[in-house]
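Okay, here's what each chain looks like letter by letter:
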Amino acid sequence: MGGAWQNLFSVLLCLSSLDQIIDAAKKQKELKIVTEHKPPTCHEKAEPGDLVAVHYTGRLDSGAIFDSSVQQGREPIQFQLGAGKVIPGWEQGITGMCVGERRKLIIPPHLAYGPRGQGPIPPDATLTFETELVSVQKQSYGGYEDTIFTAISFLAVPAAIVLFVGYLWNKVKKAPTNKALRSERRGKKKR
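Residues numbered from 1 in each chain as written. Predicted model: local features only at pLDDT ≥ 70, side-chain atom pairs only at ≥ 80, totals over all residues. Heavy atoms only, no water.

The secondary structure content of the chain amounts to four helices and six strands. Ordered by position from the N terminus, the helices and strands of the chain form the series α-β-β-β-β-α-β-β-α-α. Looking at the chain as a whole, 25% of its 191 residues are labelled buried. Taking the intrachain contacts of the chain between residues at least 6 apart in sequence as the baseline, contacts between residues at least 24 apart amount to 66%. Of the roughly 13800 Å² of accessible surface on the chain, a fraction of 59% belongs to carbon and sulfur atoms. (Helix = DSSP H or I, 4+ residues; strand = E, 2+ residues; numbered from the N terminus. Buried < 20%, exposed > 50% of the residue type's maximum accessible area, 1.4 Å probe, protein only. Contact = heavy atoms within 4.5 Å. Areas by Shrake-Rupley, 256 points an atom, 1.4 Å probe, with all protein chains shown as cover.)

Next up on the list: the pairing of strand 6 (residues 127–137). Note on strand geometry: in a regular strand, side chains alternate between the two faces of the sheet. Sheet analysis places strand 2 (residues 51–59) next to strand 6, joined by nine bridges and oriented antiparallel. Pairing of Gly 58 across the sheet is with Phe 129, part of strand 6. As paired elements, strand 5 (residues 102–107) and strand 6 share six bridges and run antiparallel to each other. For Arg 103, the partnering residue across the bridge sits in strand 6 and is Thr 131. (Pairing = 2+ DSSP bridges.)

Of note, Gly 82 is situated in the loop between strand 4 (77–80) and helix 2 (88–94). On the basis of relative accessibility, which here comes to 56%, the residue Gly 82 falls in the exposed class. Counting along the chain gives ten residues from Gly 82 to Gln 92, while the straight-line C-alpha distance between them is 8.7 Å. Residues contacting Gly 82, with those up to four places away along its chain left out, are Pro 48 and Glu 91.

What follows deals with the nonpolar core. Among the nonpolar cores identified, the biggest contains 24 residues, and Trp 90, Ile 94, Ile 107 and Phe 129 are the most heavily contacted of them. If you list the elements that add at least two residues to this core, you get strand 2, helix 2, strand 5 and strand 6. Here this core takes four residues from strand 6, the largest share from any one element. In contact with Ile 107, not counting residues within four places along its chain, are Leu 31, Ile 87, Gly 89, Trp 90, Ala 112, Ala 125, Thr 126, Leu 127 and Phe 129. (Core = buried A, V, L, I, M, F, W, Y, C linked by side-chain atoms within 4.5 Å.)

Take a look at the structure:
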């Protein structure tokens, strides 16, 4: 009976290890977001289409910093969220952040630079970014609504005038001439 328990224990241990391996594989495929600080009130959240400014420090798996806007005294990076200007892990990780919020983004390779790498980032590297959302500028409809509204407003009055003049012109063209009116009156008198 002891051998059966050992076999069962071995099978359970293998299944447990298999679950751990599967969990580890899943973790490498998904973005991990750790909120390190969230302001008590959140007046603006970053949404696709918004222009955001973000301070960041990027690290490799070894812990080595490969880029930072904070340590080098640079301005925060600005980009339009959802426009594909940054790696997909940033697009996903910055969306929903509040101004003043700090997040750690652990980005798997397929949401970063993948098998090609980039500069000091080796191929298939998992990246860790410490980020802070500095500002959000709302950009609904891609920022074109003011331009479109101004153009429509500018063109509406001249278009209305042209349509009104066209209407009057058609009325005048269809109106009977004086000669036609006289001959019509003569025809009524003869009856």
